[in-house]
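Residue-level listing of the chains:
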Amino acid sequence: MPTDPTTEPLRFAYWVPNVSGGLVTSTIEQRTDWSYDYNLKLARLAEQAGFEYALSQVRYTASYGAEFQHESTSFSLALLLGTERLKLIAAVHPGLWHPAVLAKWVATADHLSKGRVAVNVVSGWFADEFRQLGEPWLEHDERYRRTAEFITALKRIWTEDEANLAGDFYRIRDFSLKPKPLSWPGRPHPEIFQGGNSSAARRNGGQLSDWYFSNGKDFDGVREQLTDLAKHAAAVGRADGPRFGLNGFVIVRDTEKEAKEQLREIIANAHVEAVEGFGSAVKQAGQSTGDKKGMWADSSFEDLVQYNDGFRTQLIGTPEQVATRIVEYRKIGVDLILAGFLHYHEEVERFGRDVLPIVRELEVAAGLDPSALPDPVPGRQRAPQRRPPSHHGQV
Ligand SMILES: Cc1cc2nc3c(=O)[nH]c(=O)nc-3n(C[C@H](O)[C@H](O)[C@H](O)COP(=O)(O)O)c2cc1C
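Residues numbered from 1 in each chain as written. Predicted model: local features only at pLDDT ≥ 70, side-chain atom pairs only at ≥ 80, totals over all residues.

- For the protein chain, the name recorded in an unreviewed UniProt entry is Dimethyl sulfone monooxygenase SfnG, with Actinoplanes siamensis as its organism.

And the structure:
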């Protein structure tokens, strides 16, 4: 279930540009860089601006418009060590990691960062990457069955003294992870996000993950997924189903006309061959399933220029317009906005300065997020504190 918007604020994450080519597959100028120095500065700017999370991408080899890539877990750890509050979500593929090896990495990264690491478990669409690495490429729903085992294994290893799993994909015998990652009330283990929107992904999200990430969607596209997620959560008696994160490519300009013109230019300069190549490769995702649900199942060429359908969320306009639309998403159950930008440094700063204050004002005006108010509202609880304990180790 999404969080209660009257007791928790909307959260913000940004896509870490750890692969080259920026967040849009376009030859338009992007003042964004995939280097560590650029990203360290960005991470510091983002935490100052009010972003709570950053999501790194996992890519092992050149894909469409991403010729160079930094590895997601090591890059995430480097950013964690260079920041103070930002949480890093490292993307990982079941099938390329053994869950116990990843669980160990996360435990160490969690101690080093004082409880700020999370993972995004992605089931994959890029068959050629697996082929190049010599790993089997499973059929779509089998990939999700493996992901379900992977998430189950992570949770057991992180929370049980001696973890066991006799699965079809992974086997763990009396495995005792020491030290465990940090934990405190509300955070029994590092948060598990999952990327994927197909029916199989919704089932995994509803039943197992802490967070469900959606590609860019309009309001109906969000509602439809929320309904499904609630159904899957209820089926396993899970009262607190996953929180909902929505991707959106953000273009904030002084006027609506300028913002729309920027979008038009991005699309007019699309790298046609790369977008078409990507469009054909992602047929390995939801489109390959019986019910044809899932990411990119109905994406147009224009949608695919932002490779996670980010234009569809329509966070494009003046600061007021973008903030208003964001709060409308909050009202229907979105818990987190995952933002991408054309010129990261300057636009992340501007987002924090011009858009976020309006979002917080609108939340309060709509009776949402009492933690944004100067004093507690009588009869209502303050947002639960989600800070790590002040000392190392488990609580
Ligand atoms: C927010 C988000 C981030 C993702 N990040 C990655 C990534 O870094 N690497 C990757 O190979 N796939 C990534 N994916 C794609 C997933 O691996 C998966 O192929 C995709 O979600 C299609 O799933 P579906 O068929 O269930 O809709 C991401 C998906 C989402 C929603």
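## Some details on the packing of helix α6 (residues 199-207) against helix α7 (residues 219-235)
Thought 1: Interaxial distance between α6 and α7 falls to 7 Å at its minimum, and their mutual angle equals 55°. Accordingly, the angle class assigned to the pair α6 and α7 is oblique. Remark: the crossing between α6 and α7 carries right-handed chirality. Two secondary-structure elements touch here, α6 through R202, R203, G205, G206 and Q207 and α7 through Q225, D228, L229, K231, H232 and A233.
Thought 2: Across the contact of α6 with α7, the residue classes tally to two nonpolar, five polar and four charged. (Axes fitted to C-alpha atoms, helices over the stretch in contact; angles between N-to-C directions. Helix = DSSP H or I, 4+ residues; strand = E, 2+ residues; numbered from the N terminus. Parallel < 35°, antiparallel > 145°, perpendicular 65-115°, else oblique. Left-handed = near helix turned anticlockwise from the far one by under 90°. Contact = placed C-beta atoms within 7 Å. Nonpolar A, V, L, I, M, F, W, Y, C, P; charged D, E, K, R; others polar.)

## So, the environment of F175
Thought 1: Position of F175 among the secondary structure elements: in strand β6 (residues 171-175).
Thought 2: Separated by 14 residues in the primary sequence, F175 and D161 place their C-alpha atoms 7.8 Å from one another.

## Brief notes about helix α9 (residues 272-281)
Thought 1: Every buried residue belonging to α9 is among A274, V275 and F278, and all of these are buried. Looking down the long axis of α9, one finds its buried residues gathered within 100° of arc, a one-sided arrangement. For α9, exposure combined with an orientation more than 90 degrees from the buried face picks out E273 and S280.
Thought 2: The inward-facing, buried residues of α9 abut α10 (301-304). (Buried ≥ 20, exposed ≤ 12 C-beta atoms within 10 Å, placed from the backbone. Arc of directions from axis to C-beta.)

## Comments concerning helix α8 (residues 256-268)
Along an α-helix, a turn takes 3.6 residues, which lines up residues three or four apart on a common side.
Thought 1: Its 13 residues give α8 an end-to-end C-alpha distance of 18 Å, which sits within 8% of 18 Å, the value for a rise of 1.5 Å per residue.
Thought 2: Where α8 is concerned, the buried positions are A259, L263 and I266. All buried residues of α8 project into a common sector of 60° when viewed along the axis, lining one side. Across α8 from its buried face, at more than 90 degrees, point the exposed residues K257, R264 and A268.
Thought 3: Those residues of α8 that are buried lie in contact with β9 (243-252) and β10 (315-317). (Expected span 1.5 Å × (residues − 1).)

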